[in-house]
Amino acid sequence: MREDVREQVRERYAAAALSVTGGCCGESCGCGYDDADRAALPADAVRASLGCGNPLAVADLRAGETVLDLGSGGGIDVLLSARRVGPSGRVIGLDMTDEMLALATANAARAGAANVEFRKGHIESVPLPADSVDVVISNCVVNLSVGKPAVFAEVFRVLRPGGRIGISDVVAEDHLTPAERAERGSYTECIAGALTFAGYRAGLAAAGFTGIAVTPSHPVAVGMHSAIVRAVKPVSRDVP
């Protein structure tokens, strides 16, 4: 079942990369990118965006930081992050889809972004060493994972102490059962696999995060919301 869902997700995003038609997760997504940001990027990077928000609006990126984008797709968030962290910073895009990686690499070349790289891998097993990044961002991808505890554990592992996350994701109201979420949309539509607000907070806390906030931004289906997710890896595990 887990591999079936993963393959369905891969097929959908491979097709999106090849068609470069784009479109957001959810029914009424407003991706939230400024016109100036869009205008500064290759058109294919913008068209290939399938997110449900703008994680950069909450990540507060700073010059010189190392950023990891989970499920980087066509590279829109990687390229925007690269501009914010500057030449002394670094941005790594992680994606499991060859077609998206090829598109993102081409978009980075068109944008002249020298401080970015793209790696193939799964967000449940990030191919980076521990304590190696300052910020983890993601745009409507965590809900697609069938191993969310592993995702949270991996994000915690690769973040440096004091590192933070800025994620946009689809989240369900706490009263919705898994069956009710599935009635509203499929896994590949970013609906059936969404965590509840309470489940998201609990999953991050179990991984060791503090300062957790999961805040709805706009509805994407009945009882389902695009949300911004913030959390911090404490400097010490003993910090409450």
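Before reading on, note that the structure itself is shown above.
Residues numbered from 1 in each chain as written. Predicted model: local features only at pLDDT ≥ 70, side-chain atom pairs only at ≥ 80, totals over all residues. Heavy atoms only, no water.

1. A few points about the pairing of strand β7 (residues 224–232)
- With 7 of its 9 residues buried, β7 lies for the most part within the structure.
- Note that strand β5 (residues 159–172) and β7 share 9 bridges and pair antiparallel. Each residue of the ladder has a partner; that of D169, found in β7, is A227.
- Across 8 bridges, the pairing between strand β6 (residues 210–221) and β7 is antiparallel. Paired with A213 across the two strands is R230, which belongs to β7.
- Connecting β6 to the next strand, β7, in antiparallel fashion are 2 residues, including G223 with a positive phi near 80°. (Buried < 20%, exposed > 50% of the residue type's maximum accessible area, 1.4 Å probe, protein only. Helix = DSSP H or I, 4+ residues; strand = E, 2+ residues; numbered from the N terminus. Pairing = 2+ DSSP bridges.)

2. Some details on the pairing of strand β4 (residues 133–139)
- Most of β4 is tucked away: 7 of the 7 residues are buried.
- Sheet topology places strand β1 (residues 66–70) next to β4; 4 bridges connect them, and they run parallel. Looking across to β4, one finds that L68 is bridged to V136.
- Of the pairings in the sheet, the one linking β4 to β5 comprises 6 bridges and is parallel in character.

3. Observations concerning the side chain of S81
- Positionally, S81 belongs in helix α5 (residues 76–85).
- In this structure S81 touches L56, L61, V67, V91 and I137, once residues within four positions along its chain are discounted. (Contact = heavy atoms within 4.5 Å.)

4. Here we look at the packing of aromatic side chains
- This structure, assessed with the given rule, holds 2 aromatic pairs.
- With centroids separated by 5.4 Å and ring planes inclined at 45°, the aromatic side chains of F152 and Y200 adopt a geometry described as tilted. Placement of the pair is F152 in helix α7 (residues 148–158) and Y200 in helix α9 (residues 197–207), with a sequence separation of 48 residues. Side by side, F152 and Y200 carry an identical accessibility label, which is buried.
- Between the aromatic rings of F156 and F209, the centroid separation amounts to 5.2 Å while the plane-to-plane angle is 85°, which identifies the pairing as edge-to-face. Separated by 53 residues along the polypeptide, F156 in helix α7 and F209 in the loop between α9 and β6 bring together distant segments of the chain. Each member of the pair, F156 as well as F209, carries the same accessibility label: buried.
- Sitting over the ring of F156, K233 keeps its end group 4.8 Å from the ring centre. (Phe/Tyr/Trp six-rings, centres within 6.5 Å; stacked < 30°, edge-to-face > 60°. Lys NZ or Arg CZ within 6 Å of the ring centre and 35° of its normal.)

5. Brief notes about the environment of A104
- Residue position: A104 is located in helix α6 (residues 98–111).
- Given a relative accessible area of 0%, A104 falls into the buried group.
- Setting aside residues no more than four positions away along its own chain, A104 makes contact with G73, G74, G75 and F118.

Read these as layout, nothing more, since geometry by itself doesn't imply function.
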